[in-house]
Amino acid sequence: MSTPAPHLPDLAARLLGGTVMAASDEGFGEKENLLNPEPVKFVPGSFGPRGEIVDGWETRRRRTDGDDWAVIRLGTPGIIRSVDVDTTSFTGNQPVGCRVEACGVEGYPSPDDLLDVDWQQIVDDSPLAPDQSNVFAVQSDTRFTHVRLTMWPDGGVGRLRIHGEPVTDPRDFDLGTLDLASPRYGAAIIDSSDGFYSPARSLNRPDMARTMGDGWETRRNRDRAADWVLFELAAHTRVHALVIDTAYFRYNASAAVMVESADQHGDSAWTQLLAHTALQPDTRHVFRFTDTAEELPLATHLRLHALPDGGLSRVRVLGTASRYGRWLAAQRWWNALPASQAVSVLRATGLSQTAAADLTSARPVLDPAALDGDPSTRAALRRILTGPADRQP
């Protein structure tokens, strides 16, 4: 076992669209409990028609050969850095051991479609300790879309967390304006001044806040510096608008905000993006920038100052990836794809199996010039990696 990576997002989170697609059995505890975002809350002595009510995935006692398994579709595909198989509350009924496999596929396969794909083992056969997190480091730089947890011979697991680095499909950037502060596309909140009542990491969640406790709230300001939060955007971004939401903050919303941006691919200096602007409580504010694409600010990072202290529910950064930003994202995505998925991507453009396999074996692609050459094969890959020809630079 190893150190967890809680600073990285849970790629399997329900919040991002993760789901347990199928399981071999769920006689005592439903498979969906694996991705419950809350800690395990087991109440001993509570019984239902199937026996004691558990807060986890628990299978019946196995009387035949074989293992139990569950297949999870990640909410956000990415590079997995650690897996937490949490057996909290399972003290005499935990599995003896487990393994974890992962695969990367195109589209939206069913559980049956996944039976014969290229599964790669990312956690070797390992023992599981009862009533605790069992965290395993993953040594792979491959982008995966699905995970399969196998446990033996049977038993219960409370939660499954798949911590890693989101790797966005660059073709998503061609759809138009997106929230490029969202963890769905690989953005992150990397620092904040304070999170006494609730942490800043809630600010960029893709859902809407449902209570005041579902946002960012700092302590009351007693003559200290104004609060702030630092965002790393999903790509080199042309910022079209900011959405700053104070939903449910009625008597403790930030009175005002000021936002700065920095471009690490430019001069990296902080410049004012949004001047000191008053906010209303319990209100969704939209601040739009110029409609002239060439004049839209470019940014890789944003720093929001909450004046005098923090009471915000959500922040969106609506924008489009620049041509350079898209290329960087595409390069990372293409070089991290499992070979079988890379071939599938190219085959979908009409390339032959041989041509697709040859281009895949030529990875990594580190320079757009490397895509010049035989137009009959490389043109398809160039279109995928550089995007539409009419994109803004």
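Residues numbered from 1 in each chain as written. Predicted model: local features only at pLDDT ≥ 70, side-chain atom pairs only at ≥ 80, totals over all residues. Heavy atoms only, no water.

### Overview of the overall build of the protein
Point 1. In terms of helices and strands, the protein carries 4 helices and 21 strands.
Point 2. Oriented by its inertia axes, the alpha-carbon framework of the protein measures out at about 70 × 65 × 30 Å.
Point 3. The burial tally for the protein puts 53% of its 393 residues in the buried class.
Point 4. At a minimum sequence separation of 6, the contacts of the protein that also span at least 24 residues come to 78%. (Helix = DSSP H or I, 4+ residues; strand = E, 2+ residues; numbered from the N terminus. Buried < 20%, exposed > 50% of the residue type's maximum accessible area, 1.4 Å probe, protein only. Contact = heavy atoms within 4.5 Å.)

### Notes on the domain arrangement of the protein
Point 1. In terms of domain boundaries, the protein breaks down into domain 1 (14-166), domain 2 (171-321) and domain 3 (337-386).
Point 2. Here domain 1 and domain 3 have C-alpha centroids that lie 34 Å from each other.
Point 3. With 7 residues of domain 1 in contact, the opposing surface of domain 3 contributes 6 residues.
Point 4. Taken together, both faces of the contact between domain 1 and domain 3 bury some 530 Å²; the carbon and sulfur share is 52%.
Point 5. There are 0 salt bridges connecting domain 1 and domain 3.
Point 6. When its residues are assigned to classes, the side of domain 1 that touches domain 3 shows 1 nonpolar, 3 polar and 3 charged. (Domains from an automatic or database assignment. Buried area = accessible area lost by both parts, 1.4 Å probe. Salt bridge = Lys/Arg side-chain N within 4 Å of Asp/Glu carboxyl O. Nonpolar A, V, L, I, M, F, W, Y, C, P; charged D, E, K, R; others polar.)

### Quick look at the UniProt feature "domain: Allantoicase" (unreviewed entry) in the protein
Point 1. Look at the UniProt record and you will see "domain: Allantoicase" (unreviewed entry) annotated at residues 17-166 and 186-321.
Point 2. The span residues 17-166 carries 0% helix and 47% strand; its end-to-end C-alpha distance comes to 13 Å. (UniProt positions renumbered as here; feature names shortened; annotations may be inferred.)

### Observations concerning the pattern of salt bridges
Point 1. Summed over the entire model, instances satisfying the criterion amount to 22 salt bridges.
Point 2. Between aspartate 68 and arginine 62 there is a salt bridge whose closest N-O contact spans 2.8 Å.
Point 3. Judged by relative accessible area, which is 3%, aspartate 68 ranks as buried.
Point 4. Salt bridges sharing partners connect three or more residues here, namely Arg81, Asp141, Glu165 and Arg332.

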